[in-house]
Amino acid sequence: MPTPKQGPRLASSPAHERLMLANMATSLFQHGRIVTTLPKAKRLRPLAERLISFAKRGDLHSRRRVLRVIRNKSVVHVLFTQIAEQMKQREGGYTRIVKIAPRRGDTAPQAIIELVTEPVSPKKAVVKEAEAATKVAAKEEAAE
């Protein structure tokens, strides 16, 4: 059994925190963005990105692993068909957290967590290719 995370949790127990994060991930994939407190958004991000990585694989085992967390089959279908297709070119960073004004009642720090739907800019791909070409050229010159 894994050792529990040190420090306070978002909810009263680890099971409640796990269920709360699963519900927030379901809402995120349904609506594309949710408004929540900043600590909850920071805890949701790794879970949501791991679920999207499973969806990008697209095989049966990945679908069953996602269904362990997200119990709504229609949301899982949207995740595997639409969201995974949007994120196909992206290697990571599927979500974005934007801080907003504090909540009015208790001044808790609020944030918007949303899926990044913009296409990956080709400029970054060209830069990676140029860096790879310079490395190859440097190795050739060192060999001569």
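Residues numbered from 1 in each chain as written. Predicted model: local features only at pLDDT ≥ 70, side-chain atom pairs only at ≥ 80, totals over all residues. Heavy atoms only, no water.

Visitor: Tell me about the pattern of salt bridges, and name the residues and values.
Guide: Pairing is possible between side chains that carry opposite charge, provided their charged atoms lie close to one another. As enumerated under the stated definition, the model contains seven salt bridges in all. A salt bridge links Glu118 to Arg96, with the shortest nitrogen-to-oxygen separation between them at 2.8 Å. On the criterion of sequence distance, the pair formed by Glu118 in the loop between strand E3 (110–115) and helix H5 (122–143) and Arg96 in strand E2 (residues 95–100) is long-range, its members being 22 residues apart. Accessibility expressed as a relative area gives 28% for Arg96, which makes it partly exposed. Residues Asp106 and Arg103 are paired through a salt bridge, measuring 3.0 Å at the closest nitrogen-oxygen approach. Overlapping salt bridges, with partners in common, bring together Arg33, Arg96, Glu114 and Glu118 in one network. (Salt bridge = Lys/Arg side-chain N within 4 Å of Asp/Glu carboxyl O. Helix = DSSP H or I, 4+ residues; strand = E, 2+ residues; numbered from the N terminus. Buried < 20%, exposed > 50% of the residue type's maximum accessible area, 1.4 Å probe, protein only.)

Visitor: Could you give me a rundown of a positive patch on the surface, with the residues and numbers involved?
Guide: On the surface, Arg50, Arg57, Arg65 and Arg68 cluster together into a positively charged patch. When contributions to the positive patch are tallied by element, the ones reaching two or more residues are helix H2 (38–57) and helix H3 (60–69). By relative accessible area, which is 57% here, Arg57 ends up exposed. (Patch = residues over 30% accessible without salt bridge, like charges linked within 9 Å, V, L, I, M, F, W, Y side chains within 5 Å. Areas by Shrake-Rupley, 256 points an atom, 1.4 Å probe, with all protein chains shown as cover. Lys, Arg positive; Asp, Glu negative; His and termini not counted. Charge placed at Lys NZ, Arg CZ, Asp CG, Glu CD.)

All quantities given are derived from atomic positions and should not be read as evidence of function.
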